[in-house]
Structures are given as C-alpha cells and as structure tokens.
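Listed below, chain by chain, are the residues.
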Amino acid sequence: MTLLTMMALITVAIVVQRNLFAVVVFGSIYSFLMATALVALDAVDVAMTEASVGAGMSTVLLLGALHLTRGDEVKPLRRPLLPLFVSIVIGAALVYGTFGLPAFSDPQAAIHTHVAPRYLLDSLRETGVPNVVTSVLASYRGYDTLGETTVVFTAGAGVIALLRRRRSEKKK
Amino acid sequence: MSFPGHYTYWVTIFLMIAGLYIVIARGNLVKKLIGLGIFQTSVYLLYIAPGKLIGGTAPILAASFHTYSNPLPHVLILTAIVVGVATLALGLAIVVRIREAYDTIEEDEILEKDRAEEAEE
C-alpha cells in the first residue's frame with residue numbers, strides 16, 4: 001500500500017515537472033517502484049522484466065532520444081481545462097466500475113476459480129517445468145510468444161528504417 | 001466494498017488517468033510517450049493485483065507450498081512489457097525524425113509550421 005502511494009506521488013511529479021531529463025529520471029524511479037510492487041504481488045518474472053526493460057532499457061532509449069532533441073518542455077498556450085475535465089470524468093466512471101469488482105485477494109474471485117487451477121495442478125506433469133509462468137509462456141501459449149517476437153522484430157525494423165533514411169539524407 | 005480491498009484498483013485508475021492526461025494535454029512529444037508508458041504500466045497493476053492471494057507464493061511449484069498466486073496475468077503482462085518497449089522505441093524514432101524535419105518536438109509549433117506552409121501554397 002505504501003509502495004502504491006509512492007508510485008502515485010511519483011506520477012504527480014512526472015505530470016508537473018517540465019524538465020524532460022528530470023521526467024526521464026522520475027520515470028526510471030517509477031519503474032523500479034513498479035518492479036518492487038510486482039515482487040510484493042508475487043509476480044517475480046514480471047518484476048525482473050520490468051526492472052531490466054522498464055527501468056533500464058526504456059530509460060536508455062529516452063535519454064538517447066533526449067540527446068537528439070531538446071531538453072525542456074514549453075509552457076502550453078492555453079489552459080488544459082478540457083483534457084482535465086475528460087480525465088476526471090473517465091476516472092470517475094472507472095472508480096464507479098470498481099465497486100462491482102471483488103476485493104483484493106479474495107480467493108472466491110472468478111480469476112482464481114477458472115483456468116488457473118488447471119495450470120497449477122497439471123502443468124508440472126504435462127511439461128516438467130516447475131515455474132508455471134515459464135511453462136505457460138513457452139509451452140501452452142508458445143504461439144503468443146511467437147507473435148510477440150514478431151511485434152518486436154517489426155518495431156526494430158521500423159526504427160532502423162526511420163533512422164537510416166536520416167543518415168542517407170545527410171550524405172546528400 | 002471496502003477501502004483496503006479496493007485501494008489497488010483506485011491507485012491503478014489514478015495512474016491510468018494521469019497517463020491519459022499527459023497524452024491529451026501535453027504538447028511535447030517525448031512527454032506524451034512517457035505518459036503513454038505510465039498508462040501501460042498501470043495496466044500491469046490492473047492485471048496482476050487481482051491475481052495475488054495473501055499467503056500465497058510466486059507460482060513456482062514446490063512440495064512445501066500449496067497456495068500460489070495466479071500465473072496467467074503474469075504471462076500476459078510479460079508479453080505486454082516487451083511490446084511496450086517496442087512501441088516506445090518506434091515512437092522515439094519517429095520523434096527524432098519529426099525533430100529533424102520541423103526542428104521542434106512541440107505539437108503546437110509543428111501545427112503552426114504546417115499551417116504556414118499551407119498558406120504559402
């Protein structure tokens with residue numbers, strides 16, 4: 001609970017801060033807090049990925065982009081009243097929606113009674129991997145992981161296509 | 001409905017709304033991408049927090065444990081993190097290109113330059 005409150009505070013700092021370098025550093029702190037919260041929520045694999053990819057790689061990418069662009073955000077011309085209004089209305093609707101959801105860690109919630117017990121009971125016998133996350137990711141849902149790899153490949157190809165054109169233009 | 005039982009949902013929604021607000025209200029393209037990232041990470045919490053069982057452990061099977069947290073959201077979110085960083089990289093590459101074409105990464109200034117060009121034609 002403390003962790004989540006700290007995350008909310010960091011988010012406020014990100015919204016308010018206009019120096020983009022500070023925003024990137026706050027974003028890194030935010031990712032580390034998120035990774036810690038994920039460990040507390042028993043999602044150790046996800047926490048490891050978030051700490052390396054979210055706090056590590058994303059920060060490096062953002063700093064690289066900042067190096068190529070400018071470091072400060074200008075003041076907006078008009079007051080952001082409409083976006084604020086839209087955000088608050090959507091937030092209120094979502095909070096209203098949570099009243100129908102099961103409380104935190106309720107063992108009778110639908111999420112714990114349907115598909116998950118089957119994986120927890122049978123996956124060790126069927127795949128021989130004790131880590132259920134690994135067995136689902138690599139064995140049962142292997143095609144999804146293939147799709148994910150395709151997405152990463154496409155993004156990488158896109159980045160190369162965008163940045164290579166720049167270099168050849170400079171030569172001209 | 002109780003305060004501690006729904007606190008994670010509300011923090012998740014707060015993060016989500018903060019990300020949405022940055023994406024809509026802020027003109028700086030790098031800041032917009034960071035807002036998009038906050039929106040994405042809030043979805044991680046949305047998925048993983050309901051899968052936690054108090055007293056359970058991480059879903060790595062061992063003889064001495066009997067209660068495990070739900071592994072399925074973890075699998076989904078592992079995919080989401082990797083896809084998130086892929087979109088971030090692509091978005092930043094586009095921002096770098098925009099900066100070279102327009103010499104700015106502020107949305108208002110880009111639109112102004114576009115209008116000026118149209119007026120010339």
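Our structure is the block above this text.
The paragraphs below set out a description of the structure included in this document. For clarity, every value in this text was computed on a predicted model and none was experimentally measured.

## Some thoughts on unusual backbone geometry
In the Ramachandran plot, A:D42 falls in the positive-phi region, its phi being about 75 degrees despite a non-glycine side chain. In this fold, A:D42 is placed in the loop between α2 (20-40) and α3 (44-68). Positive phi outside glycine occurs at B:D103, with the angle close to 65 degrees. Structurally, B:D103 can be placed in the loop between α3 (72-102) and α4 (107-120).

## Considerations on the interface of chain B and chain A
Much of the literature gives interface size as the accessible area that the parts lose upon coming together. Taken together, the 77 residues of chain B in the interface contact 84 residues of chain A. Looking at the side of chain B facing chain A, the largest losses of area belong to B:Y21, B:L61 and B:R97, adding up to 9% of the total buried there. Taking the shortest distance from any N to any O, the salt bridge between A:D42 and B:K52 comes out at 3.2 Å. The interface formed by chain B and chain A contains 13 residue pairs in polar contact (both at pLDDT 80 or more). When residues in the side of chain B that touches chain A are grouped by element, the largest group, 23 residues, is from α3(B).

Cut-off values and rules
Residues numbered from 1 in each chain as written. Chains lettered and ligands numbered in written order. Predicted model: local features only at pLDDT ≥ 70, side-chain atom pairs only at ≥ 80, totals over all residues. Heavy atoms only, no water. Helix = DSSP H or I, 4+ residues; strand = E, 2+ residues; numbered from the N terminus. Contact = heavy atoms within 4.5 Å. Buried area = accessible area lost by both parts, 1.4 Å probe. Salt bridge = Lys/Arg side-chain N within 4 Å of Asp/Glu carboxyl O. Polar contact = N/O pair within 3.5 Å; in protein donor to acceptor, adjacent residues only side chain to side chain.

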